[in-house]
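# A look at the structure
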Amino acid sequence: MTEGIEAVFLETHNFGKAAGFFQALGYELEFETDHASGMLRNGDGPYVFISEIPQDREPQTQIAFKVADADVFRPAAPLVEVVTPFEDTHYGTREMTVRDPDGRVWSLQAPLKK
């Protein structure tokens, strides 16, 4: 089972303005990368990760659900179609994508095993 929403990933054309918007809503910048992206957090709720993209791309939003252990998680087929199995990411998590019955793709995040 998932454990609620872990994160919201936002693409933007202007990282500074997008981060400022969330800071005005009470989020604090936890870290900023050297390539116009960063993570903001507000209490114990889901974090927001913002990434700047080129002007010729339409900004997207992705919600990531929390999974405690990628090795034991088993999605309920046939309602949950696995698009990509859990893979290690460069930002310290394991990520899986699944498709719902209406064709939307969702992200599932689990911690890396140490």
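Here is a short report on the structure shown in this document. These figures come from a predicted structure and were not determined experimentally.

In this section: the pattern of salt bridges. A complete count under the given rule lists nine salt bridges for this structure. The partner of D88 in a salt bridge is R94, with the nearest N and O atoms 3.1 Å apart. Counted as one network, the salt bridges with shared partners bring together D69, D71, D88, R94 and K113.

What follows deals with the sheet that holds strand β4 (residues 47-52). Judged by pairing direction, the sheet is mixed, and its eight strands sit side by side in the order β2-β3-β4-β1-β5-β8-β7-β6 without closing on themselves. If you trace the sheet from one side to the other, it starts and ends with β2 (28-32) and β6 (81-88), each paired once. Averaged over all pairs of adjacent strands, the angle between their axes in this sheet comes to 25 degrees, without regard to strand direction. Strands in contact with helix α1 (residues 15-24) are β1 (5-12), β2, β3 (37-41) and β4; relative to β4, the strand with the most contacts, it is inclined by about 160 degrees.

What follows concerns the pairing of strand β7 (residues 93-99). Of all seven residues in β7, six are buried, a share of seventy percent or more. By the bridge criterion, seven bridges tie β7 to strand β8 (residues 105-111) in an arrangement that is antiparallel. Following the sheet pairing, T93 is matched in β8 by P111. The hairpin turn running from β7 into β8, its antiparallel successor, is five residues long, and G103 in that turn takes a positive phi close to 95 degrees.

This next bit is on the packing of aromatic side chains. Tallying each qualifying case throughout the model produces seven aromatic pairs. Judged by centre distance (5.1 Å) and plane angle (90 degrees), the ring pair of F21 and F22 falls under edge-to-face. Here the aromatic rings of F31 and F49 are separated by 6.2 Å at their centres, their planes lie at 55 degrees, and the arrangement is tilted. In this pair, F31 is assigned in strand β2 and F49 in strand β4, connecting sequence segments 18 residues apart. Taking the relative accessible area as the measure of exposure, F49 reaches 18% and is therefore buried. Through a chain of ring-to-ring contacts, the aromatic side chains of F9, F31, Y47 and F49 assemble into a single cluster.

Rules behind the numbers
- Residues numbered from 1 in each chain as written.
- Predicted model: local features only at pLDDT ≥ 70, side-chain atom pairs only at ≥ 80, totals over all residues.
- Heavy atoms only, no water.
- Salt bridge = Lys/Arg side-chain N within 4 Å of Asp/Glu carboxyl O.
- Pairing = 2+ DSSP bridges.
- Helix = DSSP H or I, 4+ residues; strand = E, 2+ residues; numbered from the N terminus.
- Axes fitted to C-alpha atoms, helices over the stretch in contact; angles between N-to-C directions.
- Contact = heavy atoms within 4.5 Å.
- Buried < 20%, exposed > 50% of the residue type's maximum accessible area, 1.4 Å probe, protein only.
- Phe/Tyr/Trp six-rings, centres within 6.5 Å; stacked < 30°, edge-to-face > 60°.

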